[in-house]
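Descriptive analysis of the structure
Listed below are the residues making up each chain.
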Amino acid sequence: MGMYAFQLYQALHPEDVDATEADIGDVTIHNVFTDQEYNDLGMTVRGKVLVMLEAQTSWTMNIIVRILLYLAHIWNEYIESTNQNRYGSKKLELPRPELYMIYTGSRKSRPKWLKLSDEFFDGNRDFLEAKVRVLYGEGKSDIISQYVDFTNVYNEQVRLYGRTREAVLETIRICKDRNVLKEYLENREKEVISIMMGLFDQKKAVEQYGYEKMKEGETRGEARGAAMGEMKKARETALNMQKEGFSDSMIAKILNVGQELVQQWLSGGDTVRP
């Protein structure tokens with residue numbers, strides 16, 4: 001897995017010719033292949049730089065806020081893991097963040113940067129500014145452009161076959177034939193299939209829950225019963241995702257539930273509540 005993160009870093013920083021695969025840490029890359037709302041990828045480089053990416057098909061300025069909230073969470077964990085005192089007078093040492101969004105949609109306007117001040121505060125950056133670099137996969141066969149190609153193939157197969165196993169298998173077959181992420185897919189094909197099918201099932205559960213909530217004449221008791229049923233499904237999905245290597249925080253984001261609840265599920269707790 002470190003090899004693919006290293007390739008990503010090389011695509012972002014081709015000028016850093018001294019970097020090695022051993023310099024890369026804290027990688028969570030397998031999530032990005034699904035291109036769902038939460039596709040966080042975080043890695044450290046020499047412990048000094050924190051690279052964060054999210055992948056999006058739909059254009060949204062809210063990506064800036066989401067990635068900042070995720071950054072705050074990572075910094076908090078870093079401060080605790082390095083035993084630093086956030087209330088002391090000594091300046092904290094933090095990895096410098098680089099924030100990116102890989103956009104795989106068809107929007108005609110393709111800005112290079114998204115700025116917090118411009119999008120949310122009418123250009124006022126007196127007290128706070130953040131910039132997210134937008135990547136469109138326009139390189140020559142680097143791992144970012146391959147990921148964008150993978151996503152385009154995947155979307156086309158979903159249009160043809162729906163959210164089915166056939167769509168997933170065809171996506172993998174076509175990408176192998178086109179030498180798109182070929183080595184990764186050959187080495188981790190079962191894992192990719194399992195992750196994508198698990199998220200298909202979760203999406204169906206969420207859509208079904210929304211349908212049930214909107215049914216005319218549904219009572220509050222029925223609504224709560226439907227919610228409880230969906231949360232049980234979510235708990236089962238969380239356990240399966242843990243087996244695939246998902247972190248607690250990523251499971252919470254994908255399932256849209258509190259991280260404490262996810263941790264309770266994964267530790268064997270029986271509480272299931274909407």
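These remarks concern the structure in this document. (Residues numbered from 1 in each chain as written. Predicted model: local features only at pLDDT ≥ 70, side-chain atom pairs only at ≥ 80, totals over all residues. Heavy atoms only, no water.)

**Considerations on the overall build of the protein chain**
The test is simple: The secondary structure listing takes helices from DSSP runs of H or I that are at least 4 residues long and strands from runs of E that are at least 2 residues long, numbered from the N terminus. When accessible area is computed with a 1.4 Å probe and restricted to protein chains, residues below 20% of their type maximum are described as buried, those above 50% as exposed, and intermediate ones as partly exposed. Two residues qualify as a contact provided that any one of their heavy atoms is within 4.5 Å of a heavy atom in the partner residue. All accessible areas in this document rest on Shrake-Rupley with a 1.4 Å probe, and a residue is counted as covered only by the protein chains that are shown.
A tally of helices and strands in the protein chain yields nine helices and six strands. Looking at the protein chain residue by residue over its 274 residues, the buried ones come to 44%. By sequence separation, contacts in the protein chain at least 24 residues apart represent 57% of the contacts at least 6 residues apart. Element-wise, carbon and sulfur atoms account for 48% of the exposed surface of the protein chain, whose accessible area totals about 15,500 Å².

**Observations regarding the pattern of salt bridges**
In plain terms, the rule: Basic side-chain nitrogens of Lys or Arg form a salt bridge, by our definition, when they fall within 4 Å of a carboxyl oxygen of Asp or Glu.
Evaluation of the coordinates by the stated rule reveals 11 salt bridges. Here Asp16 ties to Arg46 by a salt bridge, and the two come within 3.0 Å at their closest N and O atoms. Pair noted here: Asp16 is in the loop between helix H1 (2-12) and strand E1 (24-25) and Arg46 is in the loop between strand E2 (41-45) and strand E3 (49-56), with a separation of 30 residues, a long-range link. In this structure, the salt-bridge partner of Arg96 is Glu98, at a minimum N-O distance of 3.3 Å. Each of Asp16, Asp23 and Arg46 takes part in one network of salt bridges that share partners.

**A few points about the packing of helix H4 (residues 143-161) against helix H5 (residues 165-177)**
Using the following cut-off: To get an axis, fit a line to the C-alpha atoms, keeping to the stretch in contact for a helix; angles then go from 0 to 180 degrees between the N-to-C directions. For a crossing to be left-handed, the near helix must be turned anticlockwise from the far one by less than a right angle; the clockwise case is right-handed.
The interhelical angle for the contact between H4 and H5, taken along N-to-C directions, is 140 degrees, at an axis separation of 9 Å. As for how H4 packs across H5, the hand of that crossing is right-handed. Of the residues in H5, those in contact with Phe150, Val153, Tyr154, Gln157, Val158 and Tyr161 of H4 are Glu166, Ala167, Glu170, Thr171, Ile174 and Cys175.

**With respect to a nonpolar patch on the surface**
Test applied: Patch building starts from residues that exceed 30% relative accessible area and form no salt bridge, then joins like charges within 9 Å and nonpolar side chains (Val, Leu, Ile, Met, Phe, Trp, Tyr) within 5 Å.
A grouping of Val65, Leu69, Phe120 and Phe121 is seen on the molecular surface, where their side chains present a nonpolar patch of about 360 Å² in accessible area. By the element assignment, Phe120 lies in helix H3 (residues 116-120). For Phe120, a relative accessible area of 33% gives the class partly exposed.

**Here we look at a positive patch on the surface**
This is how it is decided: When charges are counted, neither His nor the chain ends are considered; positive counts come from Lys and Arg and negative counts from Asp and Glu. Charge positions are represented by NZ for Lys, CZ for Arg, CG for Asp and CD for Glu.
Together, Lys112, Lys115, Arg125 and Lys131 line one region of the surface with positive charge. Of note, Lys115 is situated in strand E5 (residues 113-115). Look at Lys115 and you get partly exposed, because its relative accessible area is 31%.

**Some remarks on the environment of Gln84**
Quick reminder of the rule: Whenever two N or O atoms come within 3.5 Å, that pair is a polar contact, provided that in protein one can donate a hydrogen and the other can accept it, and provided that, for residues adjacent in sequence, both atoms are side-chain atoms.
Within the fold, Gln84 resides in the loop between helix H2 (62-81) and strand E4 (96-103). Here Gln84 falls in the partly exposed class, since its relative accessible area comes to 22%. It is 10.0 Å that separates the C-alpha atoms of Gln84 and Leu94, two residues lying 10 residues apart in sequence. Among residues more than four places away in sequence, those in contact with Gln84 are Tyr78, Ile79, Leu92 and Glu93. Within the local environment of Gln84, its side chain forms a polar contact with the side chain of Thr82, the two groups lying 2.9 Å apart. Within the structure, Gln84 has its side chain in polar contact with the backbone nitrogen of Glu93 (distance 2.7 Å).

**A few points about the sheet that holds E5**
Spelled out, the test is: Here, any two strands with at least 2 DSSP bridges between them count as paired.
Within the open sheet, the six strands sit side by side as E1-E2-E3-E4-E6-E5. Their pairing is mixed. Edge positions in the open sheet fall to E1 and E5, since each of these has one partner strand only. Pairing analysis gives three bridges linking E5 to strand E6 (residues 131-135), with the strands arranged antiparallel. Bridge pairing links Leu114 to Val132 in E6. Contacting E3, E4, E5 and E6, H2 crosses the sheet at an angle of about 145 degrees to E3.

**Describing unusual backbone geometry**
Positive phi, close to 55 degrees, is recorded for Arg46, a residue that is not glycine. Of the residues examined, Arg46 reaches a relative accessible area of 39% and is grouped as partly exposed. Although it is not a glycine, Asp122 adopts a positive phi angle of roughly 50 degrees. Along the chain, Asp122 turns up in the loop between H3 and E6.

**Concerning helix H8 (residues 248-255)**
Counting buried residues in H8 gives seven out of eight residues, a clear majority hidden from the surface. Within the span of H8, buried status applies to Ser249, Met250, Ile251, Ala252, Lys253, Ile254 and Leu255.

**Some details on the pairing of E3**
Along any regular strand, the residues point their side chains to alternate faces of the sheet. With respect to burial, E3 is a largely interior element, eight of its eight residues being buried. Across the two faces of E3 the burial is the same, with Val49, Val51, Leu53 and Ala55 and Leu50, Met52, Glu54 and Gln56 all buried. Examined bridge by bridge, E2 and E3 share five bridges and lie antiparallel to one another. Paired with Leu41 across the two strands is Leu53, which belongs to E3. The hairpin turn running from E2 into E3, its antiparallel successor, is three residues long, and Arg46 in that turn takes a positive phi close to 55 degrees. Pairing of E3 with E4, which is carried by eight bridges, proceeds in the parallel orientation. Bridge pairing in E4 links Val49 to Arg96.

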